[in-house]
Amino acid sequence: MAATVLDGVKISNAIKAEVAAEVATLTVGGLRPGLAVVLVGHNPASEVYVRNKVKSCEQTGIYSEKHTPADTATTEDLLALIADLNHRDEIDGILVQLPLPKQVDSQKVLLAVDPAKDVDGFHPMNVGYLSTQRPGLVACTPAGVMEMLKRCGIATSGAEAVVIGRSDIVGKPMAMLLTNANATVTICHSRTKDLPGVCRRADILVAAIGKAGMVTRDFVKPGAAVIDVGMNRVTDAAEFASFWKGRQGSEKREAEFAAKGSTLMGDVAPEVAEVAGALTPVPGGVGPLTVAMLMSNTVKAMKMRRGNKLATPAGTASSGTASSGTAD
Ligand code: GUN
């Protein structure tokens, strides 16, 4: 039987509606959450991501502003911008879109963001809070995956979870969140021996590798939940055909490739749908949740930092809002 498709767009819209309701209450209370997005240069993928983030702010009522330093910006230029944003009380969240141009010391820039405004959850202070199960800001993509598992009724407690990829942005925080949610977690990477064999142990398999279709059916235990965090542009016709040609239901994808000469796909091969119990699509799976969790994190950052200044008590409308903190 074909895997259940986990609809990230639907879940993202539900989270954003909850955030919007809370933002409305907070705004009535006299405080409007604010997000500053920093986009350096003209990376086309980053421009799309940032456009989606700004649009989601508009949908949820969060104030947003976009800063666009030139691609010649120096580390010092960005440190000065971040210092200014750190000092402005009405800015609750600061997001520096990655990757930064190569002349910039990204680590130095990310470290300069006030941890209380670090809505990406990348600052070592927030990473430490996550690993010690203290309240803090959690990286949006793994937080979105947890929200998806929860809202789709996929139990983590006692589950075998395997995360492929050990990045600071996805793999490591993902493993930490799953551990905090009582899963038994294995992190795999490029040196893992018998990768398919290790992955086949998983009840929950998270692929965050960055290689189109690398996770094939032999990686997947029948019935497992497979979460595809990958987002890869395939332009090679033979590679495209190896994944999609003649597959049932791939007509739209084939038409798209014929028209545009490329397609976006995840790290999971389409054939996995014949083995998995549940599977996130790409696009339309984890991606939309990342943006929803950014909205949720911005509200959370506002409440943690200046919620005590509200005219009415904060949190009365927050019971349904996505929790991006540590799982219980
Ligand atoms: N570039 C790709 N993913 C991300 C993300 O989650 N946050 C930021 N800031 N940049 C990214």
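An account of the accompanying structure is given in this report. From a predicted model like this one, the values you see are computed outputs, not experimental measurements. (Residues numbered from 1 in each chain as written. Predicted model: local features only at pLDDT ≥ 70, side-chain atom pairs only at ≥ 80, totals over all residues. Heavy atoms only, no water.)

1. Quick look at helix α11 (residues 286-306)
Look at α11: 30 Å from first C-alpha to last across 21 residues, which is about the 30 Å you get at 1.5 Å a residue. By the criterion of burial, α11 is predominantly enclosed, with 16 of the 21 residues buried. (Helix = DSSP H or I, 4+ residues; strand = E, 2+ residues; numbered from the N terminus. Expected span 1.5 Å × (residues − 1). Buried < 20%, exposed > 50% of the residue type's maximum accessible area, 1.4 Å probe, protein only.)

2. Some thoughts on the environment of T60
Along the chain, the position of T60 falls in helix α2 (residues 44-60). Between the C-alpha atoms of T60 and V23, which are 37 residues apart in sequence, the distance is 7.0 Å. Contacts of T60, omitting those with residues within four sequence positions, involve K16, V19, A20, V23 and M295. A polar atom in the side chain of T60 sits 2.8 Å from the backbone oxygen of S56. (Contact = heavy atoms within 4.5 Å. Polar contact = N/O pair within 3.5 Å; in protein donor to acceptor, adjacent residues only side chain to side chain.)

3. Examining the site of the ligand
Taken together, L95, V96, Q97, L98, D120 and F122 make up the full set of residues near the ligand. Taking V96, its main chain carries an N or O atom lying 2.8 Å from a nitrogen atom of the ligand. The side chain of Q97 places a nitrogen or oxygen atom 3.2 Å from a nitrogen atom of the ligand. Look at the ligand: alone it shows 280 Å² of surface, and the protein chains cover 80% of it. For the ligand, the cavity whose grid points lie within 2 Å of the majority of its atoms is the largest pocket. Tallied by class, the residues present in the shell around the ligand amount to 4 nonpolar, 1 polar and 1 charged. (Near = heavy atom within 4 Å. Areas by Shrake-Rupley, 256 points an atom, 1.4 Å probe, with all protein chains shown as cover. 1 Å grid on protein atoms, 1.4 Å probe; cavity = no way out; pocket = protein on both sides within 12 Å on 5 of 7 lines; lining within 4 Å. Sits in = over half its atoms within 2 Å of the grid points. Nonpolar A, V, L, I, M, F, W, Y, C, P; charged D, E, K, R; others polar.)

4. Focus: the packing of α2 against α11
The N-to-C vectors of α2 and α11 enclose an angle of 55 degrees; their axes lie 10 Å apart at closest approach. Judged on the interaxial angle alone, α11 and α2 are oblique. Classified by chirality, the crossing of α11 by α2 is right-handed. Seen from α2, the contacting residues are N52, K53, S56, C57 and T60; seen from α11, they are V291, L294 and M295. For the contact of α2 with α11, the residue count by class is 4 nonpolar, 3 polar and 1 charged. (Axes fitted to C-alpha atoms, helices over the stretch in contact; angles between N-to-C directions. Parallel < 35°, antiparallel > 145°, perpendicular 65-115°, else oblique. Left-handed = near helix turned anticlockwise from the far one by under 90°.)

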